[in-house]
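Okay, here's what each chain looks like letter by letter:
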Amino acid sequence: MIELPALGWQSIVIFVVFALSLLIATYCTYAERVIAAFLQDRVGPDRAGPYGLLQPLADAVKMFTKEEFFPGGANKALFVFGPCLAMITALMSSAVIPFGNNMSFGNNAFFLQGIEVNIGMLWVFGVVSLGVYGVMIGGWASNNKFSLLGAIRAASQNISYELAMGMALIAVLMISGTLSLREITLQQSVAGEWHTWNIVKQPLGFIIFLVCAFAETNRTPFDLPECETELVGGYHTEYSSMKLGLYLFSEYVNIFVVSAVMSVLYFGGFNFPFQYELRDWFVNSQGWELASAQNLITLLGTVGLFLKIFAFIFFFMWIRWTLPRFRYDQLMRLGWTILIPLAVFNIVLTGGLILAGVI
Amino acid sequence: MSPLFLFLSFVALLSALGVVFAKNPVHSVLFLILTFFSLSGHYLLLNAQFLAAVNIIVYAGAIMVLFLFVIMFLNLNVDTEPHKPALAKIAAAVAGGSLLLILVAALKDVHPVGVTGTAFNSQIGMVDQLGLKLYTDYLLPFELASVLFLVAMVGAVMLGKREVGERNF
C-alpha cells in the first residue's frame, strides 16, 4: 500500500494556494479595468456592488450563461480540451512556490508550500513551457485561419523567449547552487547580514526574465497571439462562453504565478527587511516563545510575498495600458538577437564575478 | 510492483499505441506528449527527478511544440494522405517484426550487473550528484556532446541565414 502524500497538511496548503490563485485571478480582471480606467482618466467599473467589487461575479454569470458555440468543421474534442489544458498548466506551477517559511505548533512543523522538491525551478520552467499547448490546440481545433495564425504565433513566440528565460535562470542557479525555490529564498536573507536579494546580484538577469515573462504570458506589448488589429481575436476568435472565460482566466493565473516566481527568485520571496531583528525583539523584549515569534514572522513574510506579487501584477497592467504592441518581426528580433546574446553575456559576467569573489 | 508503476506503464503503453493508431496526426502528437509524461513519471519513481524534469522541458515543452507547429502548417488530413502500396506495408511489418524479435531475443537473458539493492546510491538521480558524475567521470563524452550541439546550432543558423538580395517582407 502506498501512502499518498496528498493527505497531510500539504493538501490543505495546495487547496489554499489553488483557491487563492483563482481568487486573485478573478480580482485581476477587476483590477485590470480599474487600473486601465485610472491610467486613462476614466471612472471604470462602478455599477456592480460597492466600487464595482462584484463585477467579476457578474462577468462569471455572463460567461456561464452565454451560448456555447462550436464552429463548423472544428475538432470538437480538442476544441474543448484546449481551454482546459490552458487552465491546468496555469494552475500547476504554483505547487512548488514557497509562499512562506516554516510554522510549528508543538511538535508539528510544516512549510507554507505545496511540495518542497529539489527541482522546483525546473518544475516551474517545465510547466511554463507546456502552457503554450492550450493555446496551440485551441487555435488549431477552431478550424479558422486567424485562430491558426494566433496559435502559430504563440508557439514560435514561446519557444523563442523560453531560451532567454532559461539562460536568465541559469545565472540565478550559478549564484544559488540549488534548484529548490525554498533554498533560494532562504539564501537571500541570512541573519545578521545585509539583505542581499538576488536583484542586487542579477539586475541584468532580472530584466531579461521580466521581458520573457511578458512574452510567455502573452501580455502586451507581446500579445501577438491575440492581436485584435490583425487577427480578429487571435487563437480565441471562435471561442465563446466559459471556454473563452477559461482562456482569459488562465492568462491572469499565469501572471500571478510568474509574479510569484519573480518575487521568489529575485526579490527575496517571503523575506522582508529586519525580520530577524523583529523576531528577536518579540523574544527578548516581549517575552514571547521563539516558536510563536517565528510563526508570526512567517505569516508576516507570507503577507510580504503577496504584497510583492501584487506589485508585479500592477506592473504588468501598468505596462499593458502604457506601451503599444510590437510588430511580429520586431518581437522575433528582440528575442533572438538581443535577449539571447544578453543572457549569454549575463552568464559569462556572473561566472566572472563569482570567480573574482564579488558575489 | 507498486500500483503507481502499473498505472504509469498502462498509460505509457496505451498512449504509445495511440501514437501509431491515431488517424489524425495532431492526435498522434498529443498521444506522444502523453507518452513522454508517463515516461517522466517512471523517472520520478526511479528517483531521477532531474531527468524527469528535463524530459518534460526538452521533449514535451520544446521538441513536441515544434512537431505540432509543423503538422499544423502541413494540414494533413485523412483525405490528403497518400496510401502506400500493400507491398510496402507488408515489408514494413516484416522489418518491424524482425527488429522486435531480435530485441526480445537479445534482452530476455540480460542480467543487470554491478548494481545491488544495498550498494546502490539512491541519490544518484538528484541534480547535484548527476552534475558531479558528468563533470568528473564522463567529462569527455559530455564535452563532445556539447560540441555536437554547437555544430547543430551553427548549421541551423547557416540554413536560416538570409541570402544576398533576399527579402521576406
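If you're wondering where the values come from, they're calculated on a predicted model, not measured in any experiment.

Undergrad: Any chance you could explain the overall build of chain B here in plain terms?
TA: Counting its secondary structure elements, chain B contains six helices and zero strands. The secondary structure elements of chain B, listed N-terminal to C-terminal, are α-α-α-α-α-α. Its C-alpha atoms give chain B a radius of gyration of 21 Å, more than 25% over the compact-globule value 15 Å for 169 residues. The principal-axis extent of the C-alpha atoms belonging to chain B is close to 60 × 45 × 30 Å. Out of the 169 residues belonging to chain B, those deemed buried represent 14%. Taking as baseline every contact in chain B between residues at least 6 positions apart, the subset at least 24 positions apart corresponds to 54%.

Undergrad: Would you explain the domain arrangement of chain B in this entry?
TA: A common way to report how large an interface is uses the accessible area buried once the components associate. Residue and element names in this part refer to chain B. Per the domain assignment, the segments making up chain B are domain 1 (1-78) and domain 2 (123-162). When each unit is reduced to the centre of its C-alpha atoms, the spacing between domain 1 and domain 2 is 23 Å. The class makeup of the residues in the side of domain 1 that touches domain 2 is four nonpolar, two polar and no charged.

Undergrad: I would appreciate a short explanation of the UniProt feature "transmembrane region" (unreviewed entry) in chain A in the present structure.
TA: This chain's UniProt record puts "transmembrane region" (unreviewed entry) on residues 6-30, 78-100, 120-141, 161-179, 252-276, 296-319 and 331-356 of chain A. End C-alpha atoms of residues 78-100 of chain A are separated by 38 Å, and the span's content is 65% helix alongside 13% strand.

Undergrad: Would you take a moment to explain helix α6 (residues 139-160) of chain B for this structure?
TA: Compared with an ideal rise of 1.5 Å per residue, which puts 22 residues at 32 Å, α6 of chain B spans 32 Å between its outermost C-alpha atoms and is within 8% of the ideal. Among the 22 residues in α6 of chain B, zero count as buried, and that is only a small part of the element.

Undergrad: Help me understand the UniProt feature "transmembrane region" (unreviewed entry) in chain B, please; the structure alone is not making it clear to me.
TA: Under the UniProt annotation, "transmembrane region" (unreviewed entry) lies at residues 46-74, 86-107 and 138-159 of chain B. Split by type, residues 46-74 of chain B is 90% helix and 0% strand. Its first and last C-alpha atoms lie 38 Å apart.

Undergrad: So what exactly am I meant to see when it comes to the packing of helix α11 (residues 241-266) of chain A against helix α13 (residues 290-320) of chain A here?
TA: What describes two packed helices is the angle between their axes and the distance between those same axes. Residue and element names in this part refer to chain A. Running from N to C, α11 and α13 cross one another at 120 degrees; their axes reach a closest spacing of 8 Å. As far as their axial angle goes, α13 and α11 are oblique. In the packing of α11 onto α13, the handedness of the crossing is right-handed. Facing α11, whose interface residues are I255, F256, S259, A260, M262 and S263, α13 presents L305, K308, I309, F312, I313 and F316. For the contact of α11 with α13, a count of residues per class yields nine nonpolar, two polar and one charged.

Undergrad: Can you walk me through the interface of chain A and chain B in this structure?
TA: Taken together, the contacts link 20 residues of chain A with 20 residues of chain B. The set of elements that each furnish at least two residues to the side of chain A that touches chain B consists of α4 (120-130), α5 (132-141) and α6 (145-176) of chain A. No other element matches α4 of chain A, which puts six residues into the side of chain A that touches chain B. When its residues are assigned to classes, the side of chain A that touches chain B shows 16 nonpolar, three polar and one charged.

Analysis parameters
- Sequence order as written defines the numbering, with residues in each chain counted from 1.
- A letter from A marks each chain and a number from 1 marks each ligand, given out in the order of writing.
- Under the rules for a predicted model, residues below a pLDDT of 70 receive no local features and side-chain atom pairs below 80 are neither given nor counted, while totals for whole chains, interfaces and linings still include all residues.
- Starting at the N terminus, helices and strands are each numbered in turn, a helix being any DSSP run of H or I of at least four residues and a strand any DSSP run of E of at least two.
- The size measure is the radius of gyration over C-alpha atoms, and the globule rule it meets is 2.2 Å times the number of residues to the 0.38 power.
- Note on burial: count the other C-beta atoms lying within 10 Å of the residue's C-beta; 20 or more is buried, 12 or fewer is exposed, in between is partly exposed, and C-beta positions come from the backbone.
- The contact criterion used here is simple: two residues whose C-beta atoms, placed from the backbone, lie within 7 Å are in contact.
- Domain borders in the structure are assigned automatically or taken from a domain database.
- Only Asp, Glu, Lys and Arg are considered charged in this grouping, and only Ala, Val, Leu, Ile, Met, Phe, Trp, Tyr, Cys and Pro are considered nonpolar; every other residue, Gly among them, is considered polar.
- UniProt positions are given in the numbering used here, feature names are shortened, and annotations may be inferred rather than shown by experiment.
- In a helix, the anticipated span is given by 1.5 Å times the number of residues less one.
- Fitted lines through C-alpha atoms give the axes, limited to the stretch in contact for helices. The angle between two N-to-C directions lies from 0 to 180 degrees.
- For classification, angles of less than 35 degrees are called roughly parallel, those exceeding 145 degrees roughly antiparallel, those between 65 and 115 degrees roughly perpendicular, and all remaining angles oblique.
- Crossing chirality is assigned from the near helix's rotation relative to the far helix, an anticlockwise turn below a right angle marking it left-handed and a clockwise turn marking it right-handed.

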